[in-house]
Amino acid sequence: METTEMGSTVMETTEMETTEMETEPIAVAVSPDSALNIGGQSARQLVEQFGSPLYVYDAEVIRQHYQRLANAFSGVPHRLLYACKANNNVAVIKFIHQLGAGIDAVSANEVELAFRCGVPASQILFTPNCVAFSEVEYAAERGVLVNIDNISVLERFGQKYGGSKPCAIRINPHILAGGNAHIQTGHIDSKFGISIHQMRHILRIVSAYQMNVVGLHMHTGSEILDAQTFVTGAEILFDAAFQFPDLQFLDFGSGFKVPYKPDDIATDVESLGETMTARFREFCAEYGRELELWFEPGKFLVSASGYLLVTATVLKQTPSCVFIGTDSGLNHLIRPMLYDSYHGIINADQLQGTERIYTVVGCICETDTFGVDRRLVEAQEGTILALKNAGAYGYAMSSNYNLRARPAEVLMLNGRPHLIRRRETLEDMMRLQVEVLG
Ligand SMILES: *Cc1c(COP(=O)(O)O)cnc(C)c1O
């Protein structure tokens, strides 16, 4: 069946651009007040205007999350650096930068992107892992602070720059934070950071090359479950800090837990702010100077702002369940298949009504499940479904597997939709291929 479908599409098409696959909105009776509204527009209006599937971000939700974090840490000099790998759309980066955040970049290209978004070098932190030294040089030579995450890199940095360029050091404190095994980054086998147990080695290098270490960093995993446990982990960094007299900041990475399921525990940022502020002040007094407290939130800022709107293409009743097949899949949102993560799914046309149990799947020729046995307001072929928490690691991890175009992206700003990335075309997808057989 897939072959016929794909075959006929290609046969009927004369020009490449026209194969841009976008599900035609099917007329479904929708009452506007019972439909999903994102920042002032209904999901259906957005799909009618921009096509399906579609990523939509609500700028107001991003602003509220930013403000919540900034308020929680307002008692100490602090800096928030947006980990832009979560969502690298230029409009999103600029919006968050205008709110006051700097950028945490993990590749030379992300550093370059931050520059293009108007972020000055002084507000960019480069936190790469296992990259070639040339990327470290690229950032350092543009005045971007590098978070060094390996002994050999520390040594090369020292040899090359001595104390002429400041640097920060990423410490692996070996804390097992919660979350999925793929996103725990602090434990003993982790490839991230320089082990806290190698402190003597670090100090020998720093002193041999008279390096200027201005920051210590840790990013332990993905989830801060309670403030006290987090502060216990932070003590490792406070302890280490006394070995470095020239510090300007301590960077505690991220780990702000975002609720995906209705009963998920989210990080209580207010309580974290209170506990950390008190402890950080105490530490600064002992250290003898006021330092800055840094965090690098990614998903906390953007996850809840985003929806992936998809269209139900088929309803398939099997002996065991009812599938809703959609015009999207793991090519657009891979988190459920990659991390077994839960994304809320709702009938965006009808928020209230008779509910049924569905398994929602994508159209990729792989096991491609968005959600199993989900309770949804009764859907039909043509119904628009919304996948929630799609603002982080959604589009950023998407692909064009199965030669399917990536969706467009829309930012809702002051009640109006703005197209911030156009839908991919077959032409876009073929652009890098080089034909040799005529
Ligand atoms: C990915 C990453 C973050 C952001 O993590 P979230 O869970 O999205 O908040 C922060 N710092 C570093 C170094 C990262 O690699």
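The structure reproduced in this document is the subject of the present report. (Residues numbered from 1 in each chain as written. Predicted model: local features only at pLDDT ≥ 70, side-chain atom pairs only at ≥ 80, totals over all residues. Heavy atoms only, no water.)

1. What about the side chain of S34?
For step 1, the next point in the chain: Relative to the assigned elements, S34 resides in the loop between helix 1 (2-12) and strand 1 (37-38).
For step 2, the next point in the chain: Side-chain polar atoms of S34 contact the side chain of Q350, separated by 3.1 Å.
For step 3, the next point in the chain: Once residues within four sequence positions are removed from consideration, S34 is found in contact with D349, Q350, L351 and Q352. (Helix = DSSP H or I, 4+ residues; strand = E, 2+ residues; numbered from the N terminus. Polar contact = N/O pair within 3.5 Å; in protein donor to acceptor, adjacent residues only side chain to side chain. Contact = heavy atoms within 4.5 Å.)

2. Structural notes on the site of the ligand
For step 1, the next point in the chain: The environment of the ligand is made up of 13 residues, and the closest members are K85, S254, E296, K299 and Y393.
For step 2, the next point in the chain: One of the backbone N or O atoms of K299 is found 2.8 Å from an oxygen atom in the ligand.
For step 3, the next point in the chain: Contact distances for the ligand include 2.5 Å between an oxygen atom and a side-chain N or O atom of Y393.
For step 4, the next point in the chain: Expressed as a share of its isolated accessible area of 390 Å², the protein-covered part of the ligand is 93%. (Near = heavy atom within 4 Å. Areas by Shrake-Rupley, 256 points an atom, 1.4 Å probe, with all protein chains shown as cover.)

3. A word on the environment of K257
For step 1, the next point in the chain: Along the chain, K257 falls in the loop between strand 11 (249-251) and helix 10 (269-287).
For step 2, the next point in the chain: Along the primary structure K257 and V269 are separated by twelve residues, whereas in three dimensions their C-alpha atoms are 9.3 Å apart.

4. Here's the deal with the packing of helix 9 (residues 227-241) against helix 10
For step 1, the next point in the chain: It is the contact of helix 9 with helix 10, at a shortest axis distance of 10 Å, that shows an interaxial angle of 20°. Viewed along their axes, helix 9 and helix 10 adopt a mutual orientation that is roughly parallel. Between helix 9 and helix 10 lies a crossing whose hand is right-handed. Contact residues: A227, Q228, F230, V231, A234, E235, F238 and A241 in helix 9; S271, L272, T275, M276, R279, F280, F283 and Y287 in helix 10.
For step 2, the next point in the chain: Along the lines of polarity and charge, the residues of the contact of helix 9 with helix 10 split into eleven nonpolar, three polar and two charged. (Axes fitted to C-alpha atoms, helices over the stretch in contact; angles between N-to-C directions. Parallel < 35°, antiparallel > 145°, perpendicular 65-115°, else oblique. Left-handed = near helix turned anticlockwise from the far one by under 90°. Nonpolar A, V, L, I, M, F, W, Y, C, P; charged D, E, K, R; others polar.)

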